[in-house]
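Descriptive structure summary
The residues making up each chain are set out below.
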Amino acid sequence: MILYMECEFFIPTAHSLKDKRAVVKSMLTRSRQKFNVSAAEIDHQNVWQRTRLAFVLVSSSKEVADKEMAQVLYYLESNPAWECLEIEKEYL
């Protein structure tokens, strides 16, 4: 089972691309290290208060994939530096 998730975030504390990239890079790196996911910024690279991230997880079953991705999402939403605007999931 492959689970693909896109999340869009608003970063109100970012006042430049440098501020935004510090938050995004930190969260992507930690997500990759802490969970068994691949992650990348896929949209809004040149907008300083928005980002769209993609996460991909490969698992033996849908239930395991859902559980792991829920943990990733909980971790992402726990960061006070940004707020989640939209989440899309797709099973492949």
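Residues numbered from 1 in each chain as written. Predicted model: local features only at pLDDT ≥ 70, side-chain atom pairs only at ≥ 80, totals over all residues. Heavy atoms only, no water.

Per an unreviewed UniProt entry, the protein goes by DUF503 domain-containing protein and derives from Planococcus halocryophilus.

So, the pattern of salt bridges
Our working rule: Counted as salt bridges are all cases of a side-chain nitrogen of Lys or Arg within 4 Å of a carboxyl oxygen of Asp or Glu. Counting from the N terminus, the helices are the DSSP runs of H or I reaching at least four residues and the strands are the DSSP runs of E reaching at least two. Categorising residues by exposure relies on relative accessible area from a 1.4 Å probe, with only protein chains included: less than 20% of the type maximum marks a residue as buried, more than 50% marks it as exposed, and the intermediate range marks it as partly exposed.
Scanning the entire structure with this criterion turns up six salt bridges. We note a salt bridge from glutamate 8 to arginine 52, for which the minimum N-O separation is 2.5 Å. In this pair, glutamate 8 is assigned in strand β1 (residues 2-10) and arginine 52 in strand β3 (residues 50-58), connecting sequence segments 44 residues apart. Exposure class is identical for glutamate 8 and arginine 52. Each is buried. Residue glutamate 41 is joined to lysine 20 by a salt bridge in which the shortest nitrogen-to-oxygen separation is 2.9 Å. Of this pair, glutamate 41 sits in strand β2 (residues 38-43) while lysine 20 sits in helix α1 (residues 17-34), and the two are 21 residues apart along the sequence.

So, the sheet that holds strand β4 (residues 83-91)
This is how the line gets drawn: DSSP calls a pair of strands paired once it identifies at least 2 bridges connecting them. Think of each axis as a best-fit line through the C-alpha atoms, taken over the contacting stretch in the case of a helix, with angles from 0 to 180 degrees between the N-to-C directions. Residue contacts are defined here by distance: any two heavy atoms, one from each residue, within 4.5 Å place the two residues in contact.
One open sheet holds the four strands; their spatial order is β2-β3-β1-β4, and the pairing between them is antiparallel. Bordering the open sheet on either side are β2 and β4, each of which pairs with just one other strand. For this sheet, the mean inter-axis angle between neighbouring strands, taken without regard to orientation, is 20 degrees. As paired elements, β1 and β4 share eight bridges and run antiparallel to each other. Along β4, the bridge assignment pairs tyrosine 4 with glutamate 90. Where helix α2 (residues 62-77) meets the sheet, it contacts β1, β3 and β4, and its direction lies at approximately 15 degrees from that of β1.

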